[in-house]
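The lines below spell out each chain.
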Amino acid sequence: MNKKIPLGVSLAVLFIAIAVTVAITMSVSMNMYNKLIKDLPNRAKIYSNVSEIDDIIRTNYYGFINESLLNSEVYAGYAEGLGDKYSYYLTAGDYEVYKNELNGDKVGIGVIVFYNENDNAIYVSEVSENSPAAQSGISKGDKIIAIDEEPITAYNYKELIDKLTGDRLSSISVRFVHDGSESAAGVVKGYSAQSVYPSKNGTVGYIKITDFFSTTAGQLKKAVNSLISDGAANIIIDLRGTSSGTIEFAAETLDVLVPVASSGNSALAIAKDKEGNVIDTFTSDSDNIQTKMIILVNSETSGPAELFACDLRDFGMATLVGTNTAGNGTMQKVFDLSNGGALVLTVAEITPYISESYNGVGLKPDFEVKLAPEKNKILPILAQSEDDQYQKAYELLSGTNA
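Cut-offs and rules
Residue indices follow the written sequence of each chain, beginning from 1 at its first position. Restriction of local features to residues with pLDDT of at least 70 applies here, the model being predicted, together with a cutoff of 80 or more for giving and counting side-chain atom pairs; totals for whole chains, interfaces and linings are based on all residues. The basis for every side-chain value is the complete set of non-hydrogen atoms in the structure, without hydrogens or water. Throughout this description, the term nonpolar core refers to a set of buried Ala, Val, Leu, Ile, Met, Phe, Trp, Tyr and Cys residues connected via side-chain atoms within 4.5 Å. For every residue, the accessible area (1.4 Å probe, protein chains only) is compared with the maximum for its type, and the residue is labelled buried under 20%, exposed over 50%, or partly exposed between those bounds. The way it works is that DSSP assigns letters per residue, a run of H or I at least four long becomes a helix, a run of E at least two long becomes a strand, and they are numbered from the N terminus. The contact criterion used throughout is that any non-hydrogen atoms of two residues lie within 4.5 Å. Residues adjacent in sequence count toward polar contacts only when both atoms are side-chain atoms; beyond that, a polar contact is any pair of N or O atoms within 3.5 Å, and within protein one must be able to donate a hydrogen and the other to accept it. Note on geometry: axes are lines fitted to C-alpha atoms, helical ones only across the stretch in contact, with angles between N-to-C directions running from 0 to 180 degrees. Should the near helix be turned anticlockwise from the far one by less than a right angle, the crossing is left-handed, and should it be turned clockwise, the crossing is right-handed. In this classification, Asp, Glu, Lys and Arg are treated as charged, Ala, Val, Leu, Ile, Met, Phe, Trp, Tyr, Cys and Pro as nonpolar, and every other residue, Gly included, as polar. In this analysis a 1.4 Å probe is tested at points of a 1 Å grid over the protein atoms alone, and where it fits but cannot get out there is a cavity; an open set with protein on both sides within 12 Å along at least five of seven lines is a pocket; lining residues have an atom within 4 Å of a point. Grid points are joined across faces, edges and corners, and a volume is the space filled by probe spheres set on the points. At least two bridges found by DSSP between two strands are what make those strands a pair. The arc in question is traced by the directions running from the helix axis to the C-beta atoms. Stacked, tilted and edge-to-face are the three classes assigned to paired rings of Phe, Tyr and Trp, where Trp is represented by its six-membered ring and a pair needs centres within 6.5 Å; plane angles under 30 degrees give stacked, over 60 edge-to-face, the rest tilted. Criterion for a salt bridge: a side-chain nitrogen of Lys or Arg within 4 Å of a carboxyl oxygen of Asp or Glu.

**Brief notes about the nonpolar core**
Okay, step 1: In terms of nonpolar packing, the biggest core is built from 53 residues, with Leu-257, Phe-308 and Leu-312 touching the most fellow members.
Okay, step 2: Top element by residues in this core is helix 9 (residues 304–314). It accounts for six residues.
Okay, step 3: When sequence neighbours within four positions are dropped, the list of residues in contact with Leu-257 reads Leu-220, Val-224, Ile-237, Asn-288, Ile-289, Met-293, Phe-308, Leu-312 and Met-317.

Okay, here's the thing in structure tokens:
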């Protein structure tokens, strides 16, 4: 038998339900509102100060105002004000170059170079196979003394190094010293960047990884398989001075070497925001390489390179030789801007496979080996026979001195 509920009770229940709904809605709305107006007083003060400075400059400045440059510097300064060297602003042009690099499409003559202040010269540290530079007779260790007939100096070397990249199918003239003899060559740009450089010393393979870009994983897989097929029993991977690229591409490159991540956090890495929320997870598949490895690291081994080195050690597949790494255990995200530029911003801290976070402390090598300052200055072209860190790695892998 159904009982009738008095009208008054029904209305009371209805009003309570409405009141609860309104309370919940108000609570959610207030939380959203609070997030929207976070630091509103500080923002208003910043905008007011910038506006005041802008008014003063436009009213009193004697010189010409380059609006594009002014705006770019304002945006860059805002990012720099964070005090985080891994967060920065990119102009539209710089952003295009950045995207090309990450995609492995940085166009150039196929060399990696560095400036040696001791003799005001640019030296070639790596030459990509079959690149325009290689076809022009330029080799690793060569000394570049002029580009487009302009001699290298302490004041122009950065500008001249930039000429070695960009503008597909354009050409430059390069004057260089090879084996004591001076040569000159007209070199056409048109070679996409290489980031993995393999070689072999007896039964020990050697791989230099310069960047972690979208093409690095494929290049590493090819290099490792080629070295093993050529009789390499063990491999030295050189990450000294390596910092470019992303955590995502470092994880993809790791996946070439390691099995499924089943211990620790069950992932190659996880990224947590400042509230401790997991915002990204990087996993691996079952394919792996069965060879002993040693990783060379130094104070300029940073970011994605540190994750790569740390995880290989966590998997028990590698030993670290060299000096303490940079300690950049963070992840950056790129935010597109309406002006065509972008903001590269640190958004999370990285937790590697098993180890604790190395952010701010770096990775301590299993075998600490320091290079003398004079050797460290020319590390990119330092002969392996003079490289104490390489020698230690070779000794550990082969049981003999190289």
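**Regarding the side chain of Thr-330**
Okay, step 1: Within the secondary structure, Thr-330 sits in strand 19 (residues 330–336).
Okay, step 2: Looking at Thr-330, its side chain comes within polar contact range of the side chain of Asn-328, at 2.6 Å.
Okay, step 3: Among the polar contacts made by the side chain of Thr-330, one reaches the side chain of Gln-332 at a distance of 2.9 Å.
Okay, step 4: Those residues in contact with Thr-330 that lie beyond four places of it in its chain are Tyr-86, Ile-247, Thr-346, Ala-348, Glu-349, Ile-350 and Asn-359.

**So, unusual backbone geometry**
Okay, step 1: In the Ramachandran plot, Asp-148 falls in the positive-phi region, its phi being about 50° despite a non-glycine side chain.
Okay, step 2: Relative to the helices and strands, Asp-148 resides in the loop between strand 5 (143–147) and strand 6 (150–151).
Okay, step 3: In this structure, Asp-179 is a non-glycine residue whose phi angle is positive, near 50°.
Okay, step 4: Structurally, the position occupied by Asp-179 is in the loop between strand 7 (171–178) and strand 8 (181–188).
Okay, step 5: Classification of Asp-179 by relative accessible area gives exposed; the value is 71%.

**Observations concerning the packing of helix 8 (residues 247–255) against helix 9**
Okay, step 1: Orientation of helix 8 relative to helix 9, taken along the N-to-C sense of each, is 30°, at an axis distance of 8 Å. The two elements helix 8 and helix 9 meet at a crossing, and its hand is right-handed. Taking contact as the criterion, the partners of Ile-247, Ala-250, Thr-253 and Leu-254 in helix 8 are, on helix 9, Pro-304, Leu-307, Phe-308, Asp-311 and Leu-312.
Okay, step 2: Split by residue class, the contact of helix 8 with helix 9 holds seven nonpolar, one polar and one charged.

**Comments concerning empty space enclosed by the protein**
Okay, step 1: Per the counting criterion, the structure on display carries one cavity of 30 Å³ or more.
Okay, step 2: When its volume is computed, the largest cavity comes out at roughly 30 Å³.
Okay, step 3: Per-element accounting of the lining of the largest cavity gives the leading share, three residues, to strand 7.
Okay, step 4: Classifying every residue of the lining of the largest cavity by side-chain character gives three nonpolar, one polar and two charged.

**Here we look at the sheet that holds strand 11 (residues 204–209)**
Okay, step 1: Across the sheet, which stays open at both edges, the six strands sit in the order 10-11-13-17-18-21 with mixed pairing between neighbours. Lying at the two open borders of the sheet, with one neighbouring strand each, are strand 10 (196–201) and strand 21 (367–368).
Okay, step 2: The pairing of strand 18 (residues 318–322) with strand 21 spans two bridges and is parallel. Of the residues in strand 21, the one forming a bridge with Gly-322 is Glu-368.
Okay, step 3: Most of the contacts of helix 11 (residues 388–398) go to strand 17 (residues 292–297), to which it runs at about 170°, and overall it touches strand 10, strand 11, strand 13 (234–238), strand 17, strand 18 and strand 21.

**Remarks on helix 4 (residues 92–102)**
Okay, step 1: Among the residues of helix 4, Tyr-95, Tyr-98 and Leu-102 are the ones counted as buried. Buried residues in helix 4, looked at end-on, bunch into an arc of 60°, giving them a common side.
Okay, step 2: Two residues or fewer past helix 4, Gly-104 is found with a positive phi of approximately 75°.

**A closer look at the packing of aromatic side chains**
Okay, step 1: Tallied over the full model, the rule gives eight aromatic pairs.
Okay, step 2: Between Tyr-75 and Tyr-89 the ring centres are 5.4 Å apart and the planes differ by 70°, which places this aromatic pair in the edge-to-face class. Of this pair, Tyr-75 sits in helix 3 (residues 67–80) while Tyr-89 sits in strand 1 (residues 88–90), and the two are 14 residues apart along the sequence.
Okay, step 3: The class for Tyr-75 is partly exposed, based on a relative accessible area of 36%.
Okay, step 4: The exposure class assigned to Tyr-89 is buried, which follows from its relative accessible area of 13%.
Okay, step 5: Note on Tyr-115 and Tyr-157: the rings are 3.8 Å apart at their centroids and 10° apart in plane angle, and the pair reads as stacked.

**What about the pattern of salt bridges?**
Okay, step 1: Throughout the structure, instances matching the rule amount to 13 salt bridges.
Okay, step 2: For the salt bridge of Arg-58 with Asp-54, the shortest nitrogen-to-oxygen distance reads 2.9 Å. Taken as a pair, Arg-58 and Asp-54 lie in helix 2 (residues 40–60) at a separation of four residues, close to a single helical turn.
Okay, step 3: Exposure remark for Asp-54: the relative accessible area of 25% places this residue in the partly exposed category.

**Thoughts on helix 9**
Okay, step 1: With 10 of 11 residues buried, helix 9 lies mostly within the body of the structure.
Okay, step 2: Of all the positions in helix 9, only Pro-304, Ala-305, Glu-306, Leu-307, Phe-308, Ala-309, Cys-310, Asp-311, Leu-312 and Asp-314 are classed as buried.
Okay, step 3: After helix 9 finishes, the residue Gly-316 shows a positive phi value of roughly 75°.

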